[in-house]
Amino acid sequence: MIKDLLKKQEGFSKFLYDDMGDQSIGYGRNLTQIGLSEAEAEVLLENDIRRVEEELERFPWFEKLDPVRKAAVTSLNYNLGLTRFLKFKKMIKGLEKGNWPNAAFEVFPNSKYAKQVPNRAFEISEMIRRGEDAKTSKP
């Protein structure tokens, strides 16, 4: 009963809104005062990963990638969003052809993305180039 009552009284907003000086979302969740628990953030992350992977499944080459390269591309799309991800035309072409060095080069070192987040871009680039985790390397 309380759940239905609160849903009716609070209403639903999928976007942040000002609630008397605090930022709220959903059915009145006060993010300013309460925030999110790690468990709640995990649920959001899982949902976002699923959404990002579904966006990438439109590319026939995506399903053919090994798990490391798939993770790298998913991370890039997660961070950029699909619109900006699609601007990496030469990288996408390299991925499509299995040309890992060319695809990796488009991510690091000369992209605008690499200038904004160099460590992340380097790691993604190395994962694409080598097909293995690059966490031990730095630019």
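Everything numeric here is computed off the predicted structure, so don't read it as measured data.

A.B. asks: Provide a residue-level description of the packing of helix α3 (residues 67-80) against helix α8 (residues 118-130), including the pertinent values.
C.D. replies: One can describe the packing of α3 onto α8 by two numbers: an axis separation of 8 Å at closest approach and a directional angle of 150 degrees. In terms of their interaxial angle, α3 and α8 are classed as roughly antiparallel. The interaxial crossing formed by α3 with α8 has left-handed handedness. The residues of α8 that touch α3, namely those facing Val 68, Arg 69, Ala 71, Ala 72, Ser 75, Leu 76, Tyr 78 and Asn 79, are Arg 120, Ile 124, Met 127, Ile 128, Arg 129 and Arg 130.

A.B. asks: So, the pattern of salt bridges: which residues are in play, and what are the values?
C.D. replies: In the structure shown here, the tally under the stated rule is nine salt bridges. Glu 40 is the salt-bridge partner of Arg 29, the closest N and O atoms lying 2.8 Å from each other. One end of the pair, Arg 29, is in strand β3 (residues 29-30); the other, Glu 40, is in helix α2 (residues 38-56), and 11 residues separate them in sequence. The closest approach of N and O atoms between Glu 96 and Lys 93, which form a salt bridge, is 3.6 Å. On the criterion of helical spacing, the pair formed by Glu 96 and Lys 93 is a turn pair, its members being three residues apart in helix α5 (residues 89-97). Each of the salt bridges in this network shares a partner with another, and the network as a whole consists of Glu 126, Arg 129, Arg 130 and Glu 132.

Procedures and definitions
Residues numbered from 1 in each chain as written. Predicted model: local features only at pLDDT ≥ 70, side-chain atom pairs only at ≥ 80, totals over all residues. Heavy atoms only, no water. Axes fitted to C-alpha atoms, helices over the stretch in contact; angles between N-to-C directions. Helix = DSSP H or I, 4+ residues; strand = E, 2+ residues; numbered from the N terminus. Parallel < 35°, antiparallel > 145°, perpendicular 65-115°, else oblique. Left-handed = near helix turned anticlockwise from the far one by under 90°. Contact = heavy atoms within 4.5 Å. Salt bridge = Lys/Arg side-chain N within 4 Å of Asp/Glu carboxyl O.

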